[in-house]
Amino acid sequence: MKTTRRTFLVTAAWAPAIMRAAQASAQGGERLVYVGTYTNNNAGSKGIYAFRFNPSTGQATALGVAAETDSPSWLALHPNGRFLYAANELPPPEAGGPDGAITAFSINATSGALTQISRSKTNGRAPAHMLVDRSGKWAIAGNYGDGPGAIGTSIVVFPIGSDGRLPDAPAQLVPHTPRPKKVDPNAAPGAANPPTSHPHCVLMSPDNKFLVVAEKGWDQIVVYTFDAASGMLTPNTPPAVDATKLRAAPRHLAFHPNGKYLYVCYEAGRAVSTFAWDAASGSLTALDTHDTLPPDAPRTGSCGEIEVHPDGKHLYVSNRGHNSLALFAIDQANGTLAPQGHFPAGGTPRNFKIDPTGDWVITEGQNVHKSFVQRIDRASGKLTMTDVTLDAPAPVCIVFV
């Protein structure tokens, strides 16, 4: 796969669909949706796929391949809506592997076209997550590292130019040194816990003053102070809080819209926790933890994604293996959770996103090569599956524009 700058070409085969979608967008408030995929498999994916989504009807129109790029496993939108950034988790040797990369694109809002404007190595392996800070001046990524979590693990910060481009090298690289895992008292005598590190999610605090990291390898939620003027990260005091379950592997994070609570889903623990967030000090206090699987389900699989509904009344977590979205009601007085049931989601639901209206959720079925649209009942949070799908090979992340 070539890695030089590419210009998105609208093919004759689906140009009419784009024209219809653009016209409908002008009339009905449709939104662009981009789906990132894994390209390092036999699914035949090319990179990032574009769709138009109508929040009035829940219908989606496929626009085709928006950009060919290697394994864009996480997408981040610039606050101005003009630029899209992709964390290239698994680039092939000809694209600079084994180091990961961030590729920047400009967005054609009419056609959905993505034009590559820069590509930068992250100086680490397998960047699995990234964000653009609320000022739009900094892109931050977490290098997940190699399989054992012993090589290439770090947090990197890139300045964003006024033209949306990133420089070749990051402004700061914060190593995440592998650490021994906690000892499991129930493990067999002499069982080894090799040192590991896997920063799996980076999330900016609502006030843009702290960066919160789900450190799957350390079994901690790590906090850095963030200087939006310089882009510099500094370990907070205290620098981290432990997961609420032993070796649970924190995976993804979500703040409540009121900014008072942080929610964490655990990959290995198959659980979700509530933490009270002190916005002044950047400190976290554990409040509760719940299983994300039904009581009678096998304790297998793993959590994939977590999202708080824009209303702040409900929270969802995806269960890979059980292939469901778990629903929780949020106590409006103290932020804690109450299980409300499970809703089927097809084929290894890795990532999902609630649309900006709060009426729909799109869940990606990584192993069935399509994403499913479900309607959200705003009062109860319950989901109803529709017959609408967004078809793209090996989908792993999604973003609304």
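Residues numbered from 1 in each chain as written. Predicted model: local features only at pLDDT ≥ 70, side-chain atom pairs only at ≥ 80, totals over all residues. Heavy atoms only, no water.

**Observations regarding the overall build of the protein**
Broken down by element type, the protein carries one helix and 28 strands. The globule rule puts the C-alpha radius of gyration for 401 residues at 21 Å, and the 20 Å found for the protein is close to it. Taken along its principal axes, the extent of the C-alpha atoms in the protein is 65 × 45 × 40 Å. For the protein, the proportion of its 401 residues judged to be buried stands at 57%. Within the structure as shown, the protein displays about 15500 Å² of accessible surface, and the carbon and sulfur contribution to it stands at 53%. Here the protein contributes 33 positive and 31 negative side-chain charges, whose respective centroids are spaced 3 Å apart. (Helix = DSSP H or I, 4+ residues; strand = E, 2+ residues; numbered from the N terminus. Rg over C-alpha atoms; globule rule 2.2 N^0.38 Å. Buried < 20%, exposed > 50% of the residue type's maximum accessible area, 1.4 Å probe, protein only. Areas by Shrake-Rupley, 256 points an atom, 1.4 Å probe, with all protein chains shown as cover. Lys, Arg positive; Asp, Glu negative; His and termini not counted. Charge placed at Lys NZ, Arg CZ, Asp CG, Glu CD.)

**Brief notes about the pairing of strand β14 (residues 220-226)**
Buried residues dominate β14, accounting for six of its seven residues. As defined by bridge partners, strand β13 (residues 210-215) adjoins β14 across six bridges and the pair is classed as antiparallel. Bridge pairing in β14 links L211 to Y224. Between β13 and β14, which pair antiparallel one after the other, the connecting turn spans four residues, and D219 there sits at a positive phi close to 65 degrees. Relative to strand β15 (residues 233-242), β14 runs antiparallel, the two sharing six bridges. Bridge assignment links Y224 to a residue of β15, and that residue is P235. (Pairing = 2+ DSSP bridges.)

**Some words on the sheet that holds β14**
Read across the open sheet, the four strands follow the order β12-β13-β14-β15; overall the sheet is antiparallel. Of all the strands in the sheet, the pair left with one neighbour each is β12 (199-204) and β15. Shown here is a sheet whose adjacent strand axes are inclined to one another by a mean of 25 degrees, direction ignored. (Axes fitted to C-alpha atoms, helices over the stretch in contact; angles between N-to-C directions.)

**Quick look at the pattern of salt bridges**
Side-chain pairs of opposite charge can arise whenever the charged atoms involved come near each other. Scanning the model with the defined rule gives 10 salt bridges in all. R299 is the partner of D291 in a salt bridge, and the nearest nitrogen-oxygen pair spans 3.1 Å. For R299, a relative accessible area of 37% puts it in the partly exposed group. A salt bridge links D311 to R378, with the nearest nitrogen and oxygen atoms 3.0 Å apart. (Salt bridge = Lys/Arg side-chain N within 4 Å of Asp/Glu carboxyl O.)

**Side note on the nonpolar core**
A general feature of soluble globular proteins is that nonpolar side chains tend to end up buried together. Core analysis: the largest hydrophobic core is formed by 31 residues, its most contacted members being Y34, I48, L75, L84, Y85, L114 and M130. Sorting elements by how many residues they give to this core places strand β5 (residues 83-88) first, with five residues. When residues no more than four places from it in sequence are discounted, the contact partners of Y85 are W74, L75, A76, H78, I102, T103, A104, M130, V132, I160, G164 and L166. One finds V223, A248, W277 and L284 within the second-largest nonpolar core, a separate group that totals 19 residues. (Core = buried A, V, L, I, M, F, W, Y, C linked by side-chain atoms within 4.5 Å. Contact = heavy atoms within 4.5 Å.)

**Quick look at the environment of Y34**
Within the fold, Y34 resides in strand β1 (residues 31-37). Residue class for Y34 comes out buried when judged on its relative accessible area of 0%. Expressed as a C-alpha distance, the spacing of Y34 and D146, which sit 112 residues apart in the sequence, is 27 Å. Only 3.0 Å separates the side chain of Y34 from the backbone oxygen of G112, close enough to count as a polar contact. (Polar contact = N/O pair within 3.5 Å; in protein donor to acceptor, adjacent residues only side chain to side chain.)

**As for the environment of H176**
The topology assignment puts H176 in the loop between β11 (172-175) and β12. It is 36 Å that separates the C-alpha atoms of H176 and F343, two residues lying 167 residues apart in sequence. Every residue in contact with H176, bar those within four places of it in the chain, is listed here: T153, S154, I155, S197, P199, V213, E215, W218 and Y224. A distance of 2.8 Å separates polar atoms of two side chains, one belonging to H176 and the other to E215.

**Focus: the packing of aromatic side chains**
Geometrically, a pair of aromatic rings is defined through the distance of the ring centres and the angle of the planes. Under the criterion given, the structure shown has four aromatic pairs. For the pair F53 and W360, a centre-to-centre distance of 6.2 Å together with 80 degrees between the ring planes defines the contact as edge-to-face. Separated by 307 residues along the polypeptide, F53 in strand β2 (residues 47-54) and W360 in strand β25 (residues 360-365) bring together distant segments of the chain. Across the pair, W360 and F53 agree in class, each one buried. Ring geometry for F53 against F400: centres 6.0 Å apart, planes inclined by 75 degrees, an arrangement best described as edge-to-face. A residue pair is termed long-range when its members are at least 10 positions apart, and F53 in strand β2 and F400 in strand β28 (residues 395-400) qualify at 347 residues. Residue F53 is classed as buried on the basis of its relative accessible area, which comes to 1%. (Phe/Tyr/Trp six-rings, centres within 6.5 Å; stacked < 30°, edge-to-face > 60°.)

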